[in-house]
Amino acid sequence: MGIVIAVISGKGGVGKTTATGNLGLGIAMNGKKCIVVDFDVGQRNLDMILGLENRVVYDMVHVMDEEVALSQAVIKSKSNENFFFLAASQTKDKSVLKSSKVKKLILNLKEQYEYVLLDSPAGIESGFEHTIEFADAAIIVVNPEVSSIRDADRAIGILDSKSHKVKEGGEVAKYLIINRIIANMVQKGEMLSSKDILDILNIKLLGKIPEDKRVIDASNQGRPIILDNTSEAGNAYKRISNRMCGKSVEMKDIEIDSDGFLRKLAGIFK
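Residues numbered from 1 in each chain as written. Predicted model: local features only at pLDDT ≥ 70, side-chain atom pairs only at ≥ 80, totals over all residues. Heavy atoms only, no water.

Caption draft 1: Quick peek at the overall build of the protein chain. Looking only at helices and strands, one finds 13 helices and eight strands in the protein chain. For 270 residues, the compact-globule formula gives about 18 Å, and the C-alpha radius of gyration of the protein chain, at 19 Å, lands near that figure. Each principal axis of the C-alpha distribution contributes one length, and for the protein chain these read about 75 × 40 × 35 Å. Expressed as a percentage of its 270 residues, the buried residues of the protein chain come to 53%. Within the protein chain, contacts between residues at least 6 apart in sequence are counted, and of these 76% link residues at least 24 apart. Here the protein chain holds 37 positive side-chain charges and 36 negative ones, and the gap between their average locations is 2 Å. (Helix = DSSP H or I, 4+ residues; strand = E, 2+ residues; numbered from the N terminus. Rg over C-alpha atoms; globule rule 2.2 N^0.38 Å. Buried < 20%, exposed > 50% of the residue type's maximum accessible area, 1.4 Å probe, protein only. Contact = heavy atoms within 4.5 Å. Lys, Arg positive; Asp, Glu negative; His and termini not counted. Charge placed at Lys NZ, Arg CZ, Asp CG, Glu CD.)

Structure, rendered in structure tokens:
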């Protein structure tokens, strides 16, 4: 049976969907069979980030309502033979998600894929609760700002109270990704440091991703940034994906403003 990982945030706009797509592809690049599922019913975006919007015919609601088989709705990515995608419906709303149907879908996916990544909708309403309900683990994506951390903390609380695994006496493993880090702002105290964030949320750090303007361009082109070997953000996603696949990867400190340090050093010897 595969592992189901819900990718959540609490607050919208932190890069959660981008993270889901890139991590899923990164896992597939490690030779693992991985599927990413868009749970944002009514407002899907994951298909565009992956460049698969023109290939969507059936979606997860069609599968849950047994109108089509799972194999008919799943799209195989051209980027990697191990990477698959299941779209959210754009014509339905979150009220179509029922626990019994979601559970059946999740169990079906676990039987066929080693990794199942669920892209949670923003906020903490019913769509969010159904995404986390049957997850084995959760990745919480935050930006280094107070509002993002506050909303993430609230989302973690709901995860612990609504998870089917917790209700059965178990525990949902929780991991943190800090996204859009700007080193010189951290050094100036204008942005929260990873230590500050970890002290507040008290969960295991999975990885740190620097701010990279090329991420938006890559998303608009439907080409995940992880495929760009020259991108700092892309390389950060690779490191995180490798960790998720059990590899030992050193945590790179991207909160040090090396350019600023070199400028100061040069100034000393003028």
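Caption draft 2: Representation of unusual backbone geometry. At Arg 180, a residue that is not glycine, the phi angle is positive and equals roughly 60°. Considering the arrangement of structural elements, one finds Arg 180 in strand E7 (residues 173-181). One non-glycine residue with positive phi stands out, namely Asn 202, at about 55°. By the element assignment, Asn 202 lies in the loop between helix H10 (194-201) and strand E8 (204-210). Relative accessible area serves as the criterion here: at 67%, Asn 202 is assigned to the exposed category.

Caption draft 3: Structural context of the packing of helix H6 (residues 126-133) against helix H7 (residues 146-162). Running from amino to carboxyl end, H6 crosses H7 at an angle of 55°, the nearest separation of the two axes being 10 Å. When the axis of H6 is compared with that of H7, the two are oblique. Judged by the twist between their axes, the crossing of H6 over H7 is right-handed. Residue-level contacts link Phe 128, Glu 129, Ile 132 and Glu 133 of H6 to Ala 155, Ile 158, Leu 159 and Lys 162 of H7. (Axes fitted to C-alpha atoms, helices over the stretch in contact; angles between N-to-C directions. Parallel < 35°, antiparallel > 145°, perpendicular 65-115°, else oblique. Left-handed = near helix turned anticlockwise from the far one by under 90°.)

Caption draft 4: Geometry of the side chain of Thr 20. Turning to its location among the elements, Thr 20 is positioned in helix H1 (residues 16-29). Setting aside its immediate chain neighbours within four residues, Thr 20 contacts Val 7, Val 36, Leu 46, Leu 117 and Asp 119.

Caption draft 5: Molecular detail of the sheet that holds strand E5 (residues 115-119). Spatially, the eight strands line up as an open sheet ordered E3-E4-E2-E5-E1-E6-E7-E8, and their pairing is mixed. On the outer flanks of this sheet lie strand E3 (75-76) and E8, each paired with one strand and no other. Taken together, the five bridges between strand E1 (residues 3-8) and E5 define a ladder with parallel strand orientation. Bridge assignment links Ile 5 to a residue of E5, and that residue is Leu 117. The strands touched by H1 are E1, strand E2 (34-38), strand E4 (83-86), E5, strand E6 (137-142) and E7; relative to E5, the strand with the most contacts, the crossing angle is about 170°. Seen against the sheet, H7 touches E1, E6 and E7 and runs at an angle of roughly 165° to E6. (Pairing = 2+ DSSP bridges.)

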